[in-house]
Amino acid sequence: MIEKILQPANLSMACREVVRNKGAGGVDGMKVSELEAYLHEHRSTLTEQVRTRNYHAQPIRGKEIPKGSGKMRLLGIPTAIDRMLQQAVLRVIMPRYEQAFSTYSYGFRPLRNTQQAVSKSLHYINSGYQHIVEIDLKQFFDMVDHVLLLQLLYRKIKCKTTMCLIRRWLRAPLEKDGKLIKRRIGVPQGSPISPLLSNIMLHELDTEMERLGLRFVRYADDFSIYCKTKSEAKRAGNQVYIYLRDKLKLPINRDKSGIRRPIHFQILGYGFVAIYQKGVKGKYQLVVNRKRWKSLKAKLKEVTRKTTPMSFDERIKKLHEIQRGWLNAFKYANIKGKLTELDGWLRNRLRYCIWHHWKKLERKRKNLIRLGVPPRDAYAWSRSRMGGWAIAQSPILGTTITKARLIKRGYIPLATMFKTISKNTEMNQLFPMV
DNA sequence: CCGAAGCTCCC
RNA sequence: AAAGGGAGCUUCGG
Ligand SMILES: Nc1ncnc2c1ncn2[C@H]1C[C@H](O)[C@@H](COP(=O)(O)OP(=O)(O)OP(=O)(O)O)O1
Ligand SMILES: [Mg+2]
C-alpha cells in the first residue's frame, strides 16, 4: 500500500491539492508555493525516508482562531510536506473506507452534502418521528483517542509503513508560542486526514446505532436520532451516550444536546416549521434558521454601507455574488416570503447609497427632477436635514428610485434570483444532462 | 474533460 | 493573519 501512496502520480496530485489550497506554512516555514519545487528536488530522498520508516512528521503549528461564540478553536497546521504526504495517504485510504461507511453519515464525505442529510431528517420527521435526540460532541477532534483510533485503523490498514506514518502524525507535538506540547489525544484540526480519521472513529457509533435499530442522521460530530415517542427518545439518547462514553471515550456537549420537537430542532443551518394548510397535520417544511439570516443580512449590509468605497455597479456585482452563493446553499428551504421582506430592506439600503453618492445639494435636486419630482418638492427634499437612512425610507426615494428602476439598473432582487435558481435546479433534476 | 478566479454553505 | 475535509453555484481560460 505504501507504494501506491508514494507513486509519482499520486504524490503530484497530493502536492497540487496542497498548493491550490493556498494555506499558510507550518513550523518549517515552507510556503505552499515552494512545495512543488521541493518535491521535484527531493522526491527520491523523501520517498526513501518514508519507505524505510525514517521519515518523522514535523511538529504541527498551533494557532487559535475565534469561533463564533467567543470561544476559540485551536488549529493544528502541519508543514506543507506533511500536508502533501497526508493528502497522498488520504487519496489511497479514503476509497477503502467509503464503501464501509454508513449511508446515514454525511459529513466529510465525497459526493454527499448537507442537502441529503437535511432531506433525510425532514423525511423522518414527516414520517412521524418527531421526538428528536440531538447530540453534539464536546471538542470532538481534540478528544479522539489515539490508541483506540489506531486499533480501528489496523483493521483495514495492514501496511506497517502506512500505519507508522499515521501514528507519527497523531503523535506529532504541537508547537504553540515557542513551546512543544505533547499530545496523547486529538486529531489536529487542520490536517488533511483528520476528517477521515474522525469518521473512522464515529463509524463505530454508526454501526452501534444501526445495531440498535435507530433512525439517525450524522454529520461529523453533529447527529440526531428520530423517535416516535419521548420515552423512546430518552432511551435511545441514553444508550448512545453510554456507548460514546464507555466505548469511544467521547464526551457529549450538554448544552448543544437534548431531546427536541421539530420546531425547536435545528440542523446544518436549517430549521423546521409546521405546514399550515387544511387537511395537513403534523407535517413540517424546511426553513433557514435565525443565525444564517442574520449573517446574510450582515453581509449585505457591509457592501451597502455608504462608507464602503465602491461604485454602484461594483456594489451590485458584489451583492449578486453573495446572493447567488447563499441562495444556492439554501435553495431547498421555503424562504420566499422572508426573501421578499429582506428585499424591501435591501432596496432601502441601495437608495441610501445612491442618495449619499449624489452628495451635493444641487445634484440631489437635479436628480430628483430628472426622476419626475416637481421642481419645488425637489428643492425642499434636496435641502432636507433628515439623515440618509431616514431619507432612504421616506416616500421621496421610494417613488423615485423605484424597484423597477433598480432592476433596470441591473439589480436582481433576492426573491427573483431565488425563483430562477429553484427553477433551474428543478429542471436539472428532471433532465440531468446539460 | 482539465485549469484559474470569485461567492455561499456544513463540520 | 487563519489550517483542513466536503458540497454547491458563477465567471474566465485551455
Ligand atoms: N472551521 C471549522 N468549523 C467547524 N468545525 C470544524 C472546522 N474545522 C474543523 N472542524 C471539525 C473539528 C471539530 O471538532 C468538529 C466539530 O465542530 P464543532 O462541534 O463546531 O466544534 P467542537 O466539537 O470542536 O467544539 P464544541 O465543544 O464547541 O462542540 O469539526
Ligand atoms: Mg462539537
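Higher on the page you've got the structure.
Nothing here was measured: the structure is a model prediction, and the numbers come from that model.

Quick notes on the rules
- Residues numbered from 1 in each chain as written.
- Chains lettered and ligands numbered in written order.
- Predicted model: local features only at pLDDT ≥ 70, side-chain atom pairs only at ≥ 80, totals over all residues.
- Heavy atoms only, no water.
- Near = heavy atom within 4 Å.
- Polar contact = N/O pair within 3.5 Å; in protein donor to acceptor, adjacent residues only side chain to side chain.
- Helix = DSSP H or I, 4+ residues; strand = E, 2+ residues; numbered from the N terminus.
- Donors = N, O, S within 2.8 Å, 3.2 Å for Na, K, Ca; no water.
- Tetrahedral: all angles 85-135°; square planar, octahedral: opposite > 155°, others 65-115°.
- Core = buried A, V, L, I, M, F, W, Y, C linked by side-chain atoms within 4.5 Å.
- Buried < 20%, exposed > 50% of the residue type's maximum accessible area, 1.4 Å probe, protein only.
- Contact = heavy atoms within 4.5 Å.
- Pairing = 2+ DSSP bridges.
- Axes fitted to C-alpha atoms, helices over the stretch in contact; angles between N-to-C directions.
- Nonpolar A, V, L, I, M, F, W, Y, C, P; charged D, E, K, R; others polar.
- Areas by Shrake-Rupley, 256 points an atom, 1.4 Å probe, with all protein chains shown as cover.
- Parallel < 35°, antiparallel > 145°, perpendicular 65-115°, else oblique.
- Left-handed = near helix turned anticlockwise from the far one by under 90°.

## Considering the protein's contact with DNA strand B
Okay, so step 1: In the region of DNA strand B, 19 residues are neighbours, and Arg16, Lys22, Phe108, Tyr219 and Arg292 sit closest.
Okay, so step 2: Sugar plus phosphate, as a fraction of atoms of DNA strand B within 4 Å of the protein: 90%.
Okay, so step 3: One of the side-chain nitrogen or oxygen atoms of tyrosine 219 is found 2.8 Å away from a base oxygen of DNA strand B.
Okay, so step 4: At 2.9 Å, a side-chain N or O of lysine 299 approaches a phosphate oxygen of DNA strand B.
Okay, so step 5: At the level of secondary structure, the elements contributing two or more residues to the surface near DNA strand B comprise α2 (8-21), α11 (290-303) and α12 (312-329).
Okay, so step 6: If one sorts the elements of the surface near DNA strand B by residue count, α12 sits on top with 5 residues.

## Topic: the coordination of the magnesium ion (ligand 2)
In a perfect tetrahedron of four donors around a metal, the angles come out at 109.5 degrees. In a perfect octahedron of six, they are 90 or 180 degrees.
Okay, so step 1: Donor atoms from the polypeptide that bind the magnesium ion (ligand 2) are Asp136 (OD), Leu137 (O) and Asp221 (OD), placed at 2.1 to 2.3 Å.
Okay, so step 2: Classification of the site at the magnesium ion (ligand 2) as octahedral follows from its 6 donor atoms and the range of 78 to 178° in their angles at the metal.
Okay, so step 3: Read in sequence order, the donor residues coordinating the magnesium ion (ligand 2) give the pattern D-L-x83-D. Linking leucine 137 in the loop between β3 (131-136) and α6 (140-143) with aspartate 221 in the loop between β6 (215-219) and β7 (222-227), this pair joins segments that are 84 residues apart in sequence.

## Observations regarding the nonpolar core
Nonpolar side chains in soluble globular proteins tend to end up buried together.
Okay, so step 1: Counting residues in each nonpolar core, the largest one holds 67 residues, and the members touching the most others are Leu153, Ile225 and Leu244.
Okay, so step 2: At 10 residues, helix α4 (residues 80-98) tops the list of elements feeding residues into this core.
Okay, so step 3: Those residues in contact with leucine 244 that sit more than four places away from it in its chain are Leu137, Leu202, Leu205, Phe223, Lys249, Leu250 and Ile252.
Okay, so step 4: By size, the runner-up hydrophobic cluster in this structure holds 53 residues, among which are Leu327, Trp345, Ala415 and Phe418.

## Quick word on the sheet that holds β3
Okay, so step 1: Spatially, β6-β7-β3-β8 is the arrangement adopted by the 4 strands of the open sheet, whose pairing is antiparallel. Across the chains shown, the open sheet's two edge strands, defined by having one partner strand only, are β6 and β8 (258-260). Direction aside, neighbouring strands of the sheet carry axes that sit 20° apart on average.
Okay, so step 2: Here β3 runs beside β8; their pairing, made up of 3 bridges, is antiparallel. Paired with glutamate 134 across the bridge in β8 is glycine 258.
Okay, so step 3: Across the sheet, helix α5 (residues 114-126) is in contact with β3, β6 and β7; its angle to β6 comes to roughly 160°.
Okay, so step 4: Relative to β6, helix α9 (residues 194-211) is tilted by about 170°, and along the sheet it contacts β6 and β7.

## Here's the deal with the protein's contact with RNA strand C
Okay, so step 1: Around RNA strand C sit 27 residues, and of these Asn21, Ala24, Arg61, Gln87 and Gly190 come closest.
Okay, so step 2: Counting only atoms of RNA strand C within 4 Å of the protein, the sugar-phosphate share comes to 71%.
Okay, so step 3: Within the contact set of RNA strand C, a phosphate oxygen lies 3.1 Å away from a backbone nitrogen or oxygen of leucine 111.
Okay, so step 4: In the environment of RNA strand C, a sugar or linking oxygen lies 3.3 Å from a nitrogen or oxygen atom belonging to the side chain of asparagine 113.
Okay, so step 5: Every element with two or more residues in the surface near RNA strand C is listed here: β1 (60-67), β2 (71-77), α4 and α12.
Okay, so step 6: Here the surface near RNA strand C gets 4 residues from one element, more than from any other, and that element is β1.
Okay, so step 7: Residues belonging to the surface near RNA strand C are distributed by class as follows: 11 nonpolar, 9 polar and 7 charged.

## Re the site of ligand 1
Okay, so step 1: Neighbouring ligand 1 are Lys67, Arg73, Asp136, Leu137, Lys138, Gln139, Phe140, Phe141, Gln189, Asp221, Asn253 and Lys256.
Okay, so step 2: For ligand 1, an oxygen atom lies 2.8 Å from a polar atom in the backbone of glutamine 139.
Okay, so step 3: At a separation of 3.2 Å, an oxygen atom of ligand 1 approaches a polar side-chain atom of asparagine 253.
Okay, so step 4: For ligand 1, whose accessible area on its own is 560 Å², the fraction buried by protein is 69%.

## Let's talk about the packing of α11 against α12
Okay, so step 1: In contact at an axis separation of 9 Å, α11 and α12 are set at 165° when each is read in the N-to-C sense. Relative to α12, the element α11 is oriented roughly antiparallel. As α11 runs across α12, the sense of the crossing is right-handed. Packed against α11, whose contacting residues are Arg292, Trp293, Leu296, Lys299, Leu300 and Val303, the element α12 presents Arg315, Lys318, Leu319, Ile322, Gln323 and Trp326 at the interface.
Okay, so step 2: Residue classes in the contact of α11 with α12 are distributed as 7 nonpolar, 1 polar and 4 charged.

## Some thoughts on the environment of isoleucine 242
Okay, so step 1: Inspection of the secondary structure puts isoleucine 242 in helix α10 (residues 230-248).
Okay, so step 2: On a C-alpha basis, the gap between isoleucine 242 and tyrosine 154 in space is 25 Å, while along the polypeptide they are 88 residues apart.

## As for the sheet that holds β1
Okay, so step 1: Taken in spatial order, the 4 strands of this open sheet run β2-β1-β4-β5, and their pairing is mixed. The outermost strands of the open sheet, each flanked by one partner alone, are β2 and β5 (179-181). Ignoring which end each strand starts from, the neighbouring axes of this sheet average 40° apart.

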